[in-house]
Amino acid sequence: MASPKSSLILASPTDEERRRCWKATHPQWGAALSLDAYLAREQRQLEIPLARNGGLTNWILTTREGESVPPPAGGSTDTGRPVLSSCETLKKRALVRGKDGIIREGTAHGVASVFTDPAYRGRGYATTMLRQLADTLGKMEEENRGDAMFSVLYSDVGKKFYAVNEWFPHPSNHAEFAASVDDTPAVSPEALKILHFDDLPPLVAADEQLIRKEIAQPPHPGHPAIRAAILPDLDQIHWHLAREGFVCEQLFSRRPNVHGALYTSSSGARVWAIWARSFSGTVAEPAKNTLFFLRFVVEEGVSDEDLREALRAIVAVAKKEAADTACAKVQMWNPDRRVRAAAEELGAKYVVRDNDSITSLNALGEIRGEPVDWVANEKYAWC
Ligand SMILES: CC(C)(COP(=O)(O)OP(=O)(O)OC[C@H]1O[C@@H](n2cnc3c(N)ncnc32)[C@H](O)[C@@H]1OP(=O)(O)O)[C@@H](O)C(=O)NCCC(=O)NCCS
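Every value quoted in this text rests on a predicted model; they were computed, and no experiment measured them.

Draft legend 1. Structural view of the pairing of strand 12 (residues 289-298). Counting buried positions along strand 12 gives nine out of ten residues, so the element sits mostly inside the fold. Bridge count between strand 11 (residues 270-279) and strand 12: nine bridges; the pairing is antiparallel. Its bridge partner lying in strand 12, Ala-276 is registered against Phe-292. By the bridge criterion, four bridges tie strand 12 to strand 13 (residues 329-333) in an arrangement that is parallel. When the sheet's bridge partners are listed, Phe-292 is paired in strand 13 with Gln-331. Between strand 12 and its parallel partner strand 13, the chain crosses via helix 7 (residues 304-324), and the hand of that crossover is right-handed.

Given below as structure tokens:
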């Protein structure tokens, strides 16, 4: 007899099914928005450069034609095929440095919004969907040599659930500052530049070069030989800013126009942060809202003293921007040892996450099953 799971297939939802998924996920992820605004945001995110033209794929787990599953708890109101579980994947430009030292350029898939309707939970549907998704993404790699290379996701349900399907947990730490309006250090305007949208393209391009240089380095002692990175290109950044802008329009009737800050040290070497806000709560619940550094960049030649000064100046702007937009905190993911020390000196709390936003990576194709060193594992790659 065929296993009941073999009657389940991974499929592309119709527009109506996709809307059904969004309605179902609104209570989970849309607390800051009305249902209508949430549906409008999801629709609009489909048009963002990172997502359009095949960049975003929606997936559902459903039944083969003519097959059925036991009805959900409480009975079914579905008129068409059942949506047993759902998720989406976003394509991201990526690099992998193999054991042979050769760098390949291709695609990474970010998996987002993994969801099973409460009435269908605990029946193995999400696990089945993820298994089929991993197989599908892996086949895409085999068929398009040099293209899909790995997949990432950010688990809010601990480390075990996704590891079963080979999305293995990676370091998931952050430095966190409390938002504040009254912490503005005196910094000369020549040293500190506030970043607006038009300032971002050259910085993002410079950052890409830094990541290319970093990934070309031999493996760090004690770290895996294979190194992987998602490129923090403008499409990545824009995706976050579009989400942020949409929610801020709803909450504050304005879009933030300060997207980061850049500090130029006396040697000319620069330090910068690009950020975006993320709202899990309303204006009345700032503790649930965070201003995230999407990327924190330290160019070569920045002394420890310059780094401390740069961080002090940049964080002060970020803390004020956070406080002005109902975000109680500022977070910087996976700071290296030197940045972490400077942040803690400034009063940051260092947090090792063990349940939420667990950064997880599934190596595909040639590197399947191999341990990977994830370079620049910062918030910009989140989806
Ligand atoms: C997480 C979720 C997708 C699981 O869907 P599901 O179809 O019930 O999952 P499965 O039946 O395949 O697997 C159930 C397993 O997930 C685990 N799980 C479910 N929710 C969990 C949670 N919040 N924390 C930790 N583990 C959880 C169960 O304990 C179970 O583990 P077991 O097999 O060892 O007993 C579903 O609970 C959901 O939609 N939750 C709300 C949205 C969400 O948090 N999504 C994940 C975002 S990263």
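Draft legend 2. Region of the structure containing unusual backbone geometry. Positive phi outside glycine occurs at Ser-253, with the angle close to 55°. Here Ser-253 shows up in the loop between helix 6 (234-252) and strand 10 (260-264). The exposure class of Ser-253 is exposed, given its relative accessible area of 65%.

Draft legend 3. A look at the sheet that holds strand 11. In spatial order, the strands read 8-10-11-12-13-7-14; together these seven strands make up an open sheet with mixed pairing. Edge positions in the sheet fall to strand 8 (192-195) and strand 14 (349-352), since each of these pairs with one other strand and no more. Adjacent strand axes in the sheet meet at a mean angle of 25°, parallel and antiparallel pairs treated alike. In the packing of helix 5 (residues 200-216) onto the sheet, the strands contacted are strand 8, strand 10, strand 11 and strand 12, and the crossing angle to strand 11 comes to about 110°. Against the sheet, helix 6 makes contact with strand 11 and strand 12, and its axis sits at roughly 50° relative to strand 11, the strand it touches most.

Draft legend 4. A look at the pattern of salt bridges. Per the counting criterion, the structure on display carries 29 salt bridges. Here Glu-366 ties to Arg-104 by a salt bridge, and the two come within 3.5 Å at their closest N and O atoms. With Glu-366 in the loop between strand 15 (358-363) and strand 16 (372-374) and Arg-104 in strand 4 (residues 103-115), the pair connects residues that are 262 residues apart, well separated along the chain. On the basis of relative accessible area, Glu-366 is assigned to the exposed category, the value being 53%. Because the salt bridges share partners, they merge into one network encompassing Arg-93, Glu-105, Glu-208, Arg-212 and Asp-233.

Draft legend 5. Structural view of the packing of aromatic side chains. Under the counting rule described, the total for this entry stands at ten aromatic pairs. Note on Trp-275 and Phe-293: the rings are 5.8 Å apart at their centroids and 20° apart in plane angle, and the pair reads as stacked. Of the two residues, Trp-275 is situated in strand 11 and Phe-293 in strand 12; the sequence distance between them amounts to 18 residues. Trp-275 gets classed as buried once you look at its relative accessible area, which sits at 0%. Every member of this aromatic cluster is reached through a ring pair, and the members are Tyr-154, Phe-292, Trp-333 and Trp-374. Across the ring face of Trp-333, the terminal group of Arg-353 is positioned such that the distance to the ring centre comes to 4.3 Å. The ring of Trp-382 has Lys-379 sitting right over it, with the charged end atom 4.2 Å from the ring centre.

Draft legend 6. Expanded view of the nonpolar core. In terms of nonpolar packing, the biggest core is built from 90 residues, with Phe-150, Trp-275, Phe-293, Phe-296 and Ile-314 touching the most fellow members. Each of domain 1 (4-170 + 358-381) and domain 2 (173-352) gives at least three residues to this core. Membership of the second largest hydrophobic core comes to 20 residues, among which are Leu-8, Leu-61, Val-114 and Tyr-162.

Draft legend 7. Spotlight on the state of the cysteines. One pass over the full model with this rule turns up zero disulfides. Here Cys-21 is not disulfide-linked; the sulfur of Cys-87 is the nearest cysteine sulfur, at 9.4 Å.

Draft legend 8. Looking closely at the site of the ligand. Contacts to the ligand come from 19 residues, most closely from Val-114, Thr-116, Gly-122, Gly-124 and Thr-127. Within the backbone of Thr-116, a nitrogen or oxygen atom sits 2.9 Å from an oxygen atom of the ligand. For the shell around the ligand, the per-class residue count stands at nine nonpolar, six polar and four charged.

Draft legend 9. Structural detail: helix 7. An ideal rise of 1.5 Å per residue puts 30 Å on 21 residues; helix 7 measures up with 30 Å between its terminal C-alpha atoms. Downstream of helix 7 by a residue or two, Ala-326 has a phi angle that is positive, lying close to 55°.

Draft legend 10. Up close: the environment of Ala-119. Within the secondary structure, Ala-119 is located in the loop between strand 4 and helix 3 (125-143). A relative accessible area of 22% places Ala-119 in the partly exposed class. Residues in contact with Ala-119, not counting those within four places in the same chain, are Pro-72 and Ala-73.

Thresholds, definitions, all that
Residues numbered from 1 in each chain as written. Predicted model: local features only at pLDDT ≥ 70, side-chain atom pairs only at ≥ 80, totals over all residues. Heavy atoms only, no water. Buried < 20%, exposed > 50% of the residue type's maximum accessible area, 1.4 Å probe, protein only. Helix = DSSP H or I, 4+ residues; strand = E, 2+ residues; numbered from the N terminus. Pairing = 2+ DSSP bridges. Right-handed = clockwise from strand over helix to strand, strands pointing away. Axes fitted to C-alpha atoms, helices over the stretch in contact; angles between N-to-C directions. Contact = heavy atoms within 4.5 Å. Salt bridge = Lys/Arg side-chain N within 4 Å of Asp/Glu carboxyl O. Phe/Tyr/Trp six-rings, centres within 6.5 Å; stacked < 30°, edge-to-face > 60°. Lys NZ or Arg CZ within 6 Å of the ring centre and 35° of its normal. Core = buried A, V, L, I, M, F, W, Y, C linked by side-chain atoms within 4.5 Å. Domains from an automatic or database assignment. Disulfide = S-S within 2.5 Å. Near = heavy atom within 4 Å. Polar contact = N/O pair within 3.5 Å; in protein donor to acceptor, adjacent residues only side chain to side chain. Nonpolar A, V, L, I, M, F, W, Y, C, P; charged D, E, K, R; others polar. Expected span 1.5 Å × (residues − 1).

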